[in-house]
Number of protein chains: 2
Amino acid sequence: MHCRHAMIWASLERTLQDRHNVGASEYEVLDRLAEATHGKLRVQELADAVCLSQSALSRLIARLESAGLVVRAMCDMDRRGIFVEMTGEGRSRHAEARSTHLAVLGEMLTDQWVVPPSLSKSAGPKA
Amino acid sequence: MHCRHAMIWASLERTLQDRHNVGASEYEVLDRLAEATHGKLRVQELADAVCLSQSALSRLIARLESAGLVVRAMCDMDRRGIFVEMTGEGRSRHAEARSTHLAVLGEMLTDQWVVPPSLSKSAGPKA
DNA sequence: AGCAATTTAATGCAGATGCATTAAATCCCC
DNA sequence: GGGGATTTAATGCATCTGCATTAAATTGCT
């Protein structure tokens, strides 16, 4: 029932990780940030956008930060809130990953009735 | 992009776990076994059916076995292979969980434009 | 028959996730 | 203004997952 989607997601995960050192969830966060006005969003806004638990998102942001792709900044309007802002590095990483993302989606949507799962073995799609 | 599906899956996960003490992946395995002739399948056949890595499936089966829902049995045709067979307990658990599974799916498909994610907070759907 | 290549399932290990809890800041009602 | 309820983000903890490796059994080629 959820296999098709899981395969696409797994393929995104593998390929993005291999080529750009970014997981699929991480890419999704970068994507939301890229869409945002100034590449800057509050953690909570991200939480509404990405379908991860709050804790998972928190740690994901920590990973992105230590990778230098985003920075966390205090929010002076509401000092509970934290802004997450893309760095230049983050922007370029996202830009690179974006084409891969689209490529994988396209490929999966055309190849799904031809290519086996490539989950158990190491036959990563296009890798 | 994958949020709708992830929400449905998460909801299945939560609800099946809460009500029947069975995860969504575990349910899926039980379901494949239930469909099988004699409620019995080789590990590899399951692997082809459920979209999990081989190792994850192996451990999942171990969990199901310690829960008493399946048993592993040697396969005398090919002594590398392992048969996974539902127990009576496994059958009834699956039967119980099946209605929940259907209920959640139906609910999500009708409520998805009304109900918020219910992921971050403890507002599990229907729980 | 003999032996390398392959297939099958289990396991070590590291990483990601979710739940529950925690700490800080804000809100709101008195 | 004061104090409890609420919101926001981080963290401890347990669990699940996938990759790489391993061990056993089978297959196939000579």
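The text that follows walks through the structure, step by step, so that each part is easy to find.

This part is about the interface of chain B and chain A. Opposite the 15 residues of chain B that make contact, chain A presents 16 residues. Across the interface of chain B and chain A, roughly 1600 Å² is buried in total on both sides, 73% from carbon and sulfur atoms. Inspection of the region where chain B meets chain A yields zero salt bridges. Applying the counting criterion to the chain B and chain A interface returns zero residue pairs in polar contact (both at pLDDT 80 or more). Among the elements of the structure, α1 (3–20) and α2 (24–35) of chain B are those that each provide at least two residues to the side of chain B that touches chain A. For the side of chain B that touches chain A, the per-class residue count stands at ten nonpolar, three polar and two charged.

Taken together, 24 residues are adjacent to DNA strand D, and Arg14, Gln44, Gln54 and Arg59 of chain A together with Ser53 of chain B come closest. Among the atoms of DNA strand D close to the protein, meaning within 4 Å, 62% are from sugar or phosphate groups. Contact distances for DNA strand D include 2.8 Å between a phosphate oxygen and a side-chain N or O atom of Arg72 of chain A. Take Arg80 of chain A: an N or O atom from its side chain is 3.0 Å from a base oxygen of DNA strand D. When contributions to the surface near DNA strand D are tallied by element, the ones reaching two or more residues are α3 (43–50) and α4 (54–66) of chain A together with α4 (54–66) of chain B. Counted by class, the surface near DNA strand D contains five nonpolar, eight polar and eleven charged residues.

The next point concerns the relation of the copies chain B and chain A. Superposing chain B onto chain A takes a rotation of 180° plus a shift of 0.0 Å along the axis, which leaves an RMSD of 0.0 Å. Such a turn and shift between the copies fits a two-fold axis. Across chain B, the rotation axis passes nearest the C-alpha of His5 of chain B, at a separation of 4.0 Å. Looking at the interface residues of chain B, 100% of them are also at the interface in chain A, so both copies use one shared face.

Now for the sheet that holds strand β2 (residues 70–74) of chain B. Residues and elements named next belong to chain B. Reading across from one edge, β1-β3-β2 is the order of the three strands in this open sheet, with antiparallel pairing throughout. Strand pairing shows two members of the sheet lacking a second neighbour, β1 (40–42) and β2, which therefore form its edges. Sheet twist, expressed as the average angle between the axes of neighbouring strands with direction ignored, equals 30°. Where β2 meets strand β3 (residues 82–86), five bridges bridge the pair, whose relative direction is antiparallel. Paired with Met74 across the bridge in β3 is Ile82. The strands that α2 touches are β1, β2 and β3; relative to β3, the one it contacts most, it runs at about 90°.

A word on the protein's contact with DNA strand C. Around DNA strand C, 24 residues are found, and the nearest of them are Ser53 of chain A together with Arg14, Gln44, Gln54 and Arg59 of chain B. Put simply, 62% of the atoms of DNA strand C that lie within 4 Å of the protein are in sugar or phosphate. The separation between a base nitrogen of DNA strand C and a polar side-chain atom of Ser55 of chain A is 2.7 Å. Separating a phosphate oxygen of DNA strand C from a side-chain N or O atom of Ser58 of chain B is a distance of 2.8 Å. Broken down by class, the residue content of the surface near DNA strand C amounts to five nonpolar, eight polar and eleven charged.

Analysis parameters
Residues numbered from 1 in each chain as written. Chains lettered and ligands numbered in written order. Predicted model: local features only at pLDDT ≥ 70, side-chain atom pairs only at ≥ 80, totals over all residues. Heavy atoms only, no water. Contact = heavy atoms within 4.5 Å. Buried area = accessible area lost by both parts, 1.4 Å probe. Salt bridge = Lys/Arg side-chain N within 4 Å of Asp/Glu carboxyl O. Polar contact = N/O pair within 3.5 Å; in protein donor to acceptor, adjacent residues only side chain to side chain. Helix = DSSP H or I, 4+ residues; strand = E, 2+ residues; numbered from the N terminus. Nonpolar A, V, L, I, M, F, W, Y, C, P; charged D, E, K, R; others polar. Near = heavy atom within 4 Å. Least-squares fit on C-alpha atoms with pLDDT ≥ 70 in both. Pairing = 2+ DSSP bridges. Axes fitted to C-alpha atoms, helices over the stretch in contact; angles between N-to-C directions.

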